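# Overview (structure and organization)
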Amino acid sequence: MRDMIGREFQVGDYVAKAMYGTDLRIKRVTKITANGVYLGRAKNPLTYPRCVLIVSDVKGIEVRE
């Protein structure tokens, strides 16, 4: 599975995901299966993985959990 610019997801990646219209969240990929990509403690996979952006390799991003 790939993000919006075609990069493959890997466990441990951080992704930016729009939530509730104007809220942007940074989440960690915790599991990848044949059925989908899971973020954080989610029990359901991403519905639209092509609508998130992997930001793990972007300089200057500080992620606090």
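First, a word on scope: everything that follows refers to the structure included in this document. Nothing here was measured: the structure is a model prediction, and the numbers come from that model. (Residues numbered from 1 in each chain as written. Predicted model: local features only at pLDDT ≥ 70, side-chain atom pairs only at ≥ 80, totals over all residues. Heavy atoms only, no water.)

## A closer look at the layout of surface pockets
We count it as follows: Definitions used throughout: a 1 Å grid over protein atoms alone; a cavity as a set of points that fits a 1.4 Å probe which cannot get out; a pocket as an open set with protein on both sides within 12 Å along at least five of seven lines; a lining residue as one with an atom within 4 Å of a point. Grid points are joined across faces, edges and corners, and a volume is the space filled by probe spheres set on the points. Elements are defined by DSSP. Helices are runs of H or I of four residues or more, strands are runs of E of two residues or more, and each kind is numbered from the N terminus. Ten residues, namely Ala, Val, Leu, Ile, Met, Phe, Trp, Tyr, Cys and Pro, are considered nonpolar, four, namely Asp, Glu, Lys and Arg, are considered charged, and the remaining ones, Gly among them, are considered polar.
Each pocket or cavity is described by its volume, and for the largest pocket that value is around 310 Å³. If one sorts the elements of the lining of the largest pocket by residue count, strand 1 (residues 14-19) sits on top with three residues. Class assignment for the residues of the lining of the largest pocket results in nine nonpolar, three polar and three charged.

## A few points about the nonpolar core
Put simply, the rule reads: We call a set of buried residues a nonpolar core when its members are Ala, Val, Leu, Ile, Met, Phe, Trp, Tyr or Cys and they connect through side-chain atoms within 4.5 Å of each other. A simple rule labels every residue: compare its accessible area, found with a 1.4 Å probe on the protein chains alone, to the largest value its type can have, and call it buried under 20%, exposed over 50%, or partly exposed in between. Throughout, a residue-residue contact means that at least one pair of heavy atoms, one from each residue, lies within 4.5 Å.
The biggest cluster of nonpolar side chains holds eight residues, and these are Phe9, Val15, Val29, Val37, Leu39, Leu46, Val52 and Ile54. Discounting residues that sit within four places of it in the chain, Val52 has contacts with Asp3, Met4, Phe9, Val15, Ala16, Lys17 and Leu46.

## Looking at the pairing of strand 1
Counted only if it meets this: Strands qualify as paired when DSSP identifies two bridges or more between them.
With six bridges connecting them, strand 1 and strand 2 (residues 23-32) associate as antiparallel partners. Within the sheet, the bridge partner assigned to Ala18 lies in strand 2 and is Leu24. Following strand 1, the chain reverses through three residues before pairing antiparallel with strand 2; Tyr20 in that reversal takes a positive phi of roughly 60 degrees. With two bridges connecting them, strand 1 and strand 4 (residues 53-54) associate as antiparallel partners. Within the sheet, the bridge partner assigned to Val15 lies in strand 4 and is Ile54.

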